[in-house]
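Observations on the model geometry
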Amino acid sequence: GLLLARIAPQCEYYIGTDFSERALTHTRNMCQQIDTLGHVRLRKGFADDFSGFEANQFDTIILNSVIQYFPDINYLERVIVGALHVLKPGGFVFIGDVRLYDLLETFHTSVQLYKANDSLTVEQLKQQIQRHQSQEKELLLSPDFFLSLAQQVDSIGHVQVQPKYGQAVNELTKFRYDVIMQVDDIVALQSEIAWHDWHNLEPDLRAIERLLEGDVPFGLRHVPNRRLQSERFAQAWLREAKPTATVGDYRRSVGQQDEVETSLSQLMQLAQNHGRQMEVSWLNTTKDGDFELVFSHSSQPAQFTARSPEAERSSYANMPAQKN
């Protein structure tokens, strides 16, 4: 109901679905107490059940923070294809809080290192990380999945993959992303972009500001992800440390890590100061979680060149472990 309360008042027509009667009852009670939600309809059903809906009925369909609980990737595909069928041309499917498969090991390293006591050895910690990674029960996806789906489904005209925005540094902003799929055969994209590699620039705000002073749309590849700075340091330490080294040794070494000075928030503020739009993409994410950015005067989405060849399904999706 948190998204509903903010979005529904701006809509002529809003339908919310859930398979939980308890969740629906809670949301109905909320709608009855707020005057601007009188037009909201609620329906009980599973996410892949689009019976009763007509083609070209909706402008936008939102799947927010739920697909990690889907049983498998085939179910997710059915949900997306069903959603595309009831969308109007030019409509959007928004999928929020997708857990990034490419950072699965990084995530479990972060969690197990946080829980570990100082006496735990490197060998023991690595075993814990591997065990919890193999027992992962939620669905995680690489952006390659959505690119592959767009190649198979003609009605998907464009896919955007964006890391979570926000000042806070937490599990959501570190390891999750949002996907926007637009239904249209032809989507106008910015393609005339001058690309630069972050590592070939003077890596600070002054270098970016000099580029912003020109009129040419430009992009940056391999922009370091400040949010994952401590995780990258931890993984590098684990690779190099002796098996008998301890977590306590790691924690004493943390102060020696180099600082990454530039954050997404700083770059976005700099773009706004120069009257530019900044689009952030995880379409071509790496094991380090680097970003790609495009700065321009246009609100049109940018063309981020996809990686090739197309990834096999096993390489871009973590299937939930069987529950006992």
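All values derive from a computational prediction rather than experimental measurement.

Covalently bonding the sulfur atom of one cysteine to the sulfur atom of another cysteine gives a disulfide. Counted according to the given criterion, the structure contains zero disulfides. For Cys11, which is in no disulfide, the shortest distance to another cysteine sulfur is to Cys31 and amounts to 12 Å. Given the relative accessible area of 27%, Cys11 is considered partly exposed.

Of note, Ser253 is situated in helix α10 (residues 247-253). A polar side-chain atom of Ser253 sits 2.6 Å from the main-chain carbonyl oxygen of Tyr250. If near-sequence neighbours (up to four positions away) are discounted, Ser253 is found in contact with Phe233 and Trp237.

One can describe the packing of helix α8 (residues 205-212) onto helix α11 (residues 264-273) by two numbers: an axis separation of 11 Å at closest approach and a directional angle of 30°. When the axis of α8 is compared with that of α11, the two are roughly parallel. Relative to α11, α8 is oriented so that their crossing is right-handed. Residues Leu205, Ile208, Glu209 and Leu212 of α8 form the contact with α11, whose participating residues are Gln266, Leu267, Leu270 and Ala271. Looking at side-chain class alone, the contact of α8 with α11 contains six nonpolar, one polar and one charged residues.

The nonpolar side chains of a soluble globular protein tend to be buried with one another. Counting 60 residues, the largest nonpolar core has Ile95, Leu141, Phe146 and Leu293 as the members making the most contacts within it. Tallying contributions element by element places helix α3 (residues 73-85) first for this core, with seven residues. Residue contacts for Ile95: discarding those within four places in its chain leaves Leu63, Ile67, Ile80, Phe146, Tyr177, Asp178, Val179 and Met181. Ranked by size, the runner-up nonpolar core spans 13 residues in total, among them Val122, Leu238, Ala241 and Ala245.

Further remarks concern the packing of aromatic side chains. Using the criterion set out here, one finds 14 aromatic pairs in the structure. Each ring, one from Trp282 and one from Phe291, has its centre 5.8 Å from the other, and the planes form 25°; the classification is stacked. Each of the two residues, Trp282 as well as Phe291, counts as buried. Cation over ring: Arg99 sits above Phe107, and NZ or CZ is 4.8 Å from the ring centre. Across the ring face of Trp195, the terminal group of Arg221 is positioned such that the distance to the ring centre comes to 4.0 Å.

Once that is clear, we can look at α11. Listed as buried for α11 are Leu264, Leu267, Leu270 and Ala271. All buried residues of α11 lie within an arc of 125° about the axis, which places them on one face of the element. Buried residues belonging to α11 abut α8, β9 (218-223), β10 (277-281) and β11 (291-296). With its phi angle positive at about 70°, Gly275 sits one or two positions after the end of α11.

Let's shift gears to the sheet that holds strand β6 (residues 156-163). Each strand in a sheet pairs with another by means of backbone hydrogen bonds, the pair being arranged parallel or else antiparallel. The strand order across the open sheet built from four strands is β3-β4-β7-β6, with neighbouring strands paired in mixed fashion. In this open sheet, the two edge strands, each paired with only one partner strand, are β3 (58-64) and β6. Neighbour-to-neighbour, the strand axes of this sheet turn through a mean angle of 15°, independent of strand direction. Relative to strand β7 (residues 176-183), strand β4 (residues 87-99) runs antiparallel, the two being bridged by six bridges.

Moving on, we come to the confidence of the model for the protein. In this model, the protein carries a mean pLDDT of 89, and residues with pLDDT of at least 70 account for 91%. Per-element confidence in the protein ranges from a low mean pLDDT of 48 for helix α12 (residues 313-316) to a high of 97 for helix α5 (residues 122-134). In the model, residues 308-315 has pLDDT below 50 throughout and makes nine contacts with residues more than four positions away in sequence or in other chains.

Looking now at the side chain of Gln160. Structurally, Gln160 can be placed in strand β6. Here the side chain of Gln160 touches Glu279 through a polar contact of 3.1 Å, side chain to side chain. Sequence-distant contacts of Gln160, defined by excluding residues within four places in its chain, comprise Asp178, Val179, Ile180, Glu279 and Pro301.

Its place among the elements puts Phe107 in helix α4 (residues 104-115). Taking the relative accessible area as the measure of exposure, Phe107 reaches 15% and is therefore buried. Taking the C-alpha atoms as reference, Phe107 lies 20 Å from Leu264; in sequence the two are 157 residues apart. Ignoring anything within four residues of it in the chain, the contact list for Phe107 reads Arg99, Glu171 and Phe175.

We now examine the environment of Gln57. With respect to the helices and strands, the residue Gln57 is situated in the loop between β2 (40-44) and β3. With 45 residues separating them in the primary sequence, Gln57 and Asp102 have C-alpha atoms 35 Å apart. Discounting chain neighbours no more than four positions away, the residues touching Gln57 are Tyr13, Val86 and Lys88. Reaching out from Gln57, the side chain makes a polar contact with the backbone nitrogen of Glu54 at a distance of 2.7 Å.

The rules we used
- Residues numbered from 1 in each chain as written.
- Predicted model: local features only at pLDDT ≥ 70, side-chain atom pairs only at ≥ 80, totals over all residues.
- Heavy atoms only, no water.
- Disulfide = S-S within 2.5 Å.
- Buried < 20%, exposed > 50% of the residue type's maximum accessible area, 1.4 Å probe, protein only.
- Helix = DSSP H or I, 4+ residues; strand = E, 2+ residues; numbered from the N terminus.
- Polar contact = N/O pair within 3.5 Å; in protein donor to acceptor, adjacent residues only side chain to side chain.
- Contact = heavy atoms within 4.5 Å.
- Axes fitted to C-alpha atoms, helices over the stretch in contact; angles between N-to-C directions.
- Parallel < 35°, antiparallel > 145°, perpendicular 65-115°, else oblique.
- Left-handed = near helix turned anticlockwise from the far one by under 90°.
- Nonpolar A, V, L, I, M, F, W, Y, C, P; charged D, E, K, R; others polar.
- Core = buried A, V, L, I, M, F, W, Y, C linked by side-chain atoms within 4.5 Å.
- Phe/Tyr/Trp six-rings, centres within 6.5 Å; stacked < 30°, edge-to-face > 60°.
- Lys NZ or Arg CZ within 6 Å of the ring centre and 35° of its normal.
- Arc of directions from axis to C-beta.
- Pairing = 2+ DSSP bridges.
- pLDDT = per-residue confidence, 0-100.

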